[in-house]
Structures are given as structure tokens and as C-alpha cells.
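Structural features, examined
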Amino acid sequence: MAISSKPNLARDLSVDGRPQPAHDSPRRSLTQSIAWRLQMWHAAILVSVVVGLCTAWFLQARRARLNEIDAELTSAARVLDGSLRGFDLRAFDTTERPISELLAADDHLRLSLPRELTDRRDNQPEPYFGIWLEDGRQLKSERLPDVFSLKPSQSQPEAPERDGPNAILREVRIVGPAGSLILVGRDIGREIAELNRLALRIAAFAMLILAAGLCGGWWLARSVLRPIAAISDAASRFSAADMSPRINVVETESELGQLATILNDAFDRVERSFDQQRQFAADASHELRTPLAVIQSQIELALKRERTSEEYVKTLTTCSSASERLSDLVESLLTLARLDFSSQPTERVSVRVDLVAARCIDLMRPVAQQAEVNLRSELEPAIVSGDPKQIERVIFNLLKNSVAYNRPHGEVLLSVAVVDPSVELILQDNGIGISEADLAHVAERFYRADKARSRVHGGSGLGLSIAQGIVERHGGTMQIASQLDQGTMVTVHLPLASNRPRDSVKEPVDLISDNSTTARHTGTDPLR
């Protein structure tokens, strides 16, 4: 599995190297599509953000421009207010002559807008202004639009709405000396047009952002979901008939890449499990067929013609041995099935491992003497919590294995010690040992390191599998170390019992006498 320098999960995640199609299933409606739901949420959020930001942008630009105009007009009105304070406005109240006739030429000049506002070089309309006395008479005005009028009942002139949607005039009103009214304004049609053009530019920019965002969101959603389609396709094609489909993952750092890697590992484990089941079924049928074939052939041979009583006894003895082996094999298979079905021991009591080990040594001693193998033990008091029958079976099977695969005048040492927080059981022999190639497989079901010798000793290849399953079921571990022609050492660790009252400790039980004869107990059923 390589890592691409330019990872693209949508491209890298495919089934068997073939990129998967990006279309949705025709049976799935848009409302059921995760891609469409993601796109709708993304579109709603994007539209809200873009519209909000662009609206705020336009309103801020409009406010800034109008504030600039208002500042300009307010400054002009303040100039007129300062000029107006040099006049005695009360004197105009006692005459009926037109006020414009009472103002001298210099007065007209004094009551004028600053030249920087009237002499504009940016082709902007010149400002207008008007000054009214407190009684409503107009003192002076310049370029005042015709829309202004003064009714007798009014003290201030009418003017268009300043901030309406169609307003093109902007003005400022202040109260001058002696209750006078000063109004300064100008046409802002050009500014309104500029703001409208700005609004169009902002709208076009917003549309581009929305289009790019929606397209990018759709592409991203499809890119994210396309690997899921590849995963679904691989999972749907994975079956007992075809376990080869895998998800091709190149980019492994993303969440989907890690998920695909985990699924591929799960597929591998399932395939290995199925392979083991197939192999187990094939090996089990082969092992069962052998004693059945022996029984059938012996019976057929005996029925072909009349036999002597000695020959019938010999045939029956052979059939009895074959049936006994068949019974052992069936019992081992049932034990494995029970171990696979449950992860906990059926019974949990305090068990003296040292006493169980001593009993197993006593039971194996006749077999060891017959094989010229010396049994030794170093046993310390140790208590574990578990099933006494299963623990005895582990120790007994390991002892049989060490004796059966030892050499004449060999030695087997069984030791039990407390290594807090566990009980350590070590079984060491100086027998024929196991090759490095076989050592990794000796715990597999029906595996025999030395098939010829296993057949001689009647081994089925299930002993180590049963022993390891029982140990793991008790929460322990079993490790095997061996060198060819040097010997083998099996180390078992079982959790030390936390509560160890003496009256609750179970003594070792004769686990084989419950189901078979003593001959089977001392017989050989090697684990290899």
C-alpha cells in the first residue's frame, strides 16, 4: 500500500483498482441522498453568508458616501450660519419692503456658499441653499429647486423626502440666529447612480462566489461519498463464494482511508477464518474417515469366511481400538466447539494448580517409564480461579506431548510457581524439538509437525489447539519455545486467584475416568 505524493481519495479509493461511478442509485430519491442533503445545507449556509456579507458591504458603502455628502453640506451650512450672525435680523421684522432690497451687494457676497463648493471640477451639481427668517420670509436663496414652497401656515419650507428610494436631493437644515432656518442641499443623482452600479457589481460578485461555492461543494460532496460507494460495492460483492474483493486504498491518512484499511483487515480475517473452517472440515472428515475405514474393512474381512475364535478376537480388538480413537476425536471436536462458543469457563472455583500438576504426573508416570522418560517436578502452592477439569486437561495433554515426543532416557520437568500477579506453569523437555518452520503452526488445528511420528502415536493434531483455547478462556497465555533436537519449553501463565480461602479450593479431579477408561488416560494422544 503506497502513499501518493498528490493524494486524491476520490481517485485512490476504488474496488480492485477500478474507480467507482459517481452516480446515485436510481431507486434513491434526492431527499434520501446524503450528497444532496449535504449540498442543500452547504448551499443554504453559503447563500446566507454571501448575501449577508454583500448586503453589509453595500450598506456600509452607501452610508459612508451619504455621510461624506452630509459632512460637506453641514460644513457649508455652518459657514452660512457664521455669516448670518453678522446681520441684525430683528431689523428686517419692522419693514414690509422685500428683504432682498435691504441687502447690500457686500451682504449678498457674505451670504454665499464657499467657493470650494461652488467651483467644482468633478462635474458635480453645485449645491443650493436657502435662508428663511423666523416668520417664514425668505432672506436669500441660490439655485433653490422649484419643489420648495412656503405656505402661510408654515414656518419651514417643504422639501422632498431625503432618504426615499427615489430621492435625488440631499440637504441639511440647521437653525440659525434669531430663529432663522438655513437649508443647504444638492442633487445626488450621480452618487445614487454610482451606488446602483456598485450594487450590480456586488451582486455579480456574489453570484460568482455562489456559483463557485456550489460547484465546489458538489464536487467535494461527490468526492467524499464516492469512496463510500466503493466500500459498499466491495462489501456487497464479498461473500462466501468470492472473498477476493478488496478496497484499493492508496491514501491512508484520511478517515475514509483508515476505514477502508480496517475493512480490508476485517475481510482478511473473515477469509482466513473461512479458510480455516474449510480446512478444519476437510481435516476432520479425513480423521473421522480413517477409524471408520478400519472398522469397516475389519468387519468385511471377518465376514468373508469362517474365522477362528482367536481371529474374531483380534478383529474385535482392532475395531475397539479404532472406535476408541474415533471417540477421542469426536470428544476433542466437541471440546473445540465448546471453546469456540463460549469465552468464559463453565465453572469458576479456586483450584490448586500444584496439586493438579502432581496428579497428572502420577497418571503419566507409567507411560513415561514405558518410554524410558524421567518425570521431575518442582511445585509450589498456587491457586487460580477456573474450571479444574479444563486446567487438568491442559497439564495432562502437555505432559503426554512431552513424553510421546521425547527420546529414550530423556527428561521432562514440570514446574509451578507464583509470579505475581499470575501462576507460571513451565513444562520443559529435552526431546526431539520442533523446527522453526513448524513452530508458528503447531497450535493450529490438525497440524502435525512430524506427520509420520504422529500417525505412529495416534495423534490428531488437536491437543495444542485445545490447550491454548482453554488457557485463553481462563484469561491466560501460552507460549512455546523449541529448537530442533534440543527440546521444547511450554510456558503457561494463568491469573492468580484474588480470594483464596482454603475451604473453597478444589482438589484435582479424574477428568478422564468420567468419560473413558484408565487405558485412555495413560494412552498417547500427542498434541503435535
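Below you will find a few notes about this structure. (Residues numbered from 1 in each chain as written. Predicted model: local features only at pLDDT ≥ 70, side-chain atom pairs only at ≥ 80, totals over all residues. Heavy atoms only, no water.)

Points about the packing of helix α9 (residues 353-370) against helix α10 (residues 388-404)
- Relative orientation of the contacting elements α9 and α10 amounts to 35°, with a least axis distance of 9 Å. In the crossing of α9 with α10, the sense of the turn from one axis to the other is right-handed. Taken together, the residues of α10 that come into contact with α9 (itself represented by V353, V356, A357, R359, C360, I361, L363, M364, V367 and A368) are I391, E392, I395, F396, L399, K400 and V403.
- Class assignment of the residues belonging to the contact of α9 with α10 gives a composition of 14 nonpolar, no polar and three charged. (Axes fitted to C-alpha atoms, helices over the stretch in contact; angles between N-to-C directions. Helix = DSSP H or I, 4+ residues; strand = E, 2+ residues; numbered from the N terminus. Left-handed = near helix turned anticlockwise from the far one by under 90°. Contact = heavy atoms within 4.5 Å. Nonpolar A, V, L, I, M, F, W, Y, C, P; charged D, E, K, R; others polar.)

Observations concerning the pattern of salt bridges
- Counted according to the given criterion, the structure contains 12 salt bridges.
- Between R170 and D70 there is a salt bridge whose closest N-O contact spans 2.8 Å. In this pair, R170 is assigned in strand β4 (residues 169-175) and D70 in helix α2 (residues 34-84), connecting sequence segments 100 residues apart. As far as the burial class goes, R170 and D70 line up, both buried.
- Through salt bridges with shared partners, a single ionic network connects R65, E68, E72, R186 and E191. (Salt bridge = Lys/Arg side-chain N within 4 Å of Asp/Glu carboxyl O. Buried < 20%, exposed > 50% of the residue type's maximum accessible area, 1.4 Å probe, protein only.)

A short note on the environment of V172
- Position of V172 relative to the elements: it lies in strand β4.
- Looking at V172, the relative accessible area reads 9%, which means it is buried.
- As a C-alpha pair, V172 and V184 span 12 residues in sequence and 5.3 Å in three-dimensional space.
- Setting aside anything within four residues of it in sequence, one finds V172 in contact with D70, L73, T74, I182, L183 and V184.

Details of unusual backbone geometry
- A cis geometry characterises the amide bond from D420 onward to P421, with omega recorded as 15°.
- Checked against the element boundaries, P421 lands in the loop between β10 (410-419) and β11 (422-429).
- A positive phi angle is found at R143, which is not glycine, with a value near 55°.
- In this structure, R143 sits in the loop between β3 (138-142) and β4.
- A positive phi angle, close to 65°, is found at H409, a residue other than glycine.
- For H409, a relative accessible area of 68% puts it in the exposed group.

Here's the deal with the sheet that holds β3
- On the basis of which strands lie adjacent, the open sheet formed by four strands has the order β3-β2-β5-β4 and antiparallel pairing. Sheet topology places β3 and β4 at the edges, where each strand pairs with a single neighbour. Here the strands of the sheet are splayed against their neighbours by 10° on average, with no regard to which way each runs.
- As judged from the seven bridges shared by β4 and strand β5 (residues 181-187), these two strands associate in the antiparallel manner. Within β5, the position partnered with E171 by the bridge is G185.
- Across the sheet, α2 touches β2 (128-132), β3, β4 and β5, and the angle it forms with β5 is around 140°. (Pairing = 2+ DSSP bridges.)

Points about α9
- Taking 1.5 Å per residue as the helical rise, α9 with its 18 residues ought to reach 26 Å, and the 26 Å between its terminal C-alpha atoms agrees with that figure.
- In α9, a bend of some 45° at M364 exceeds every other bend along the element, and P366, a proline, comes one to four places later.
- Listed in full, the buried residues belonging to α9 are V353, D354, V356, A357, C360, I361, L363, M364, V367 and A368. (Expected span 1.5 Å × (residues − 1). Bend = angle between axes of the 7 residues up to and from the residue.)

Brief notes about the sheet that holds strand β13 (residues 487-495)
- Pairing within the open sheet is mixed, and its five strands lie in the order β8-β10-β11-β13-β12. Each end of this open sheet is capped by a strand with a single partner; those strands are β8 (373-379) and β12 (477-483). On average, adjacent strands in this sheet sit at an angle of 10° to one another, irrespective of strand direction.
- Across seven bridges, the pairing between β12 and β13 is antiparallel. Looking at β13, one finds that Q483 is bridged to G487.
- Against the sheet, α9 contacts β8, β10 and β11, and its axis sits at roughly 170° relative to β8.

A closer look at the packing of aromatic side chains
- Applying the stated rule across the entire model yields three aromatic pairs.
- Seen in terms of ring centroids, W57 and F205 are 6.2 Å apart; in terms of plane orientation they differ by 90°. Their pairing is edge-to-face. Of this pair, W57 sits in helix α2 while F205 sits in helix α6 (residues 189-237), and the two are 148 residues apart along the sequence.
- F205 sits in the partly exposed class, given a relative accessible area of 42%.
- Consider the rings of F238 and F267, whose centres lie 4.6 Å apart with planes at 15°: the pair is stacked. Separated by 29 residues along the polypeptide, F238 in the loop between α6 and β6 (247-248) and F267 in helix α7 (residues 255-303) bring together distant segments of the chain.
- For F238, a relative accessible area of 15% corresponds to the buried category. (Phe/Tyr/Trp six-rings, centres within 6.5 Å; stacked < 30°, edge-to-face > 60°.)

Regarding the nonpolar core
- Of all hydrophobic cores here, the largest spans 45 residues; its most connected members are L375, I395, L399, L414 and V492.
- No other element matches α9, which puts nine residues into this core.
- In contact with L375, not counting residues within four places along its chain, are I361, M364, R365, A368, L399, V403 and V412.
- Among the nonpolar cores identified, the runner-up in size contains 19 residues, and A76, F87, L111 and V172 belong to it. (Core = buried A, V, L, I, M, F, W, Y, C linked by side-chain atoms within 4.5 Å.)

Observations concerning the environment of K140
- Note on placement: K140 falls in strand β3.
- With 42 residues separating them along the chain, K140 and I182 place their C-alpha atoms 9.7 Å apart.
- There is a polar contact of 3.4 Å between the side chain of K140 and the side chain of E142. (Polar contact = N/O pair within 3.5 Å; in protein donor to acceptor, adjacent residues only side chain to side chain.)

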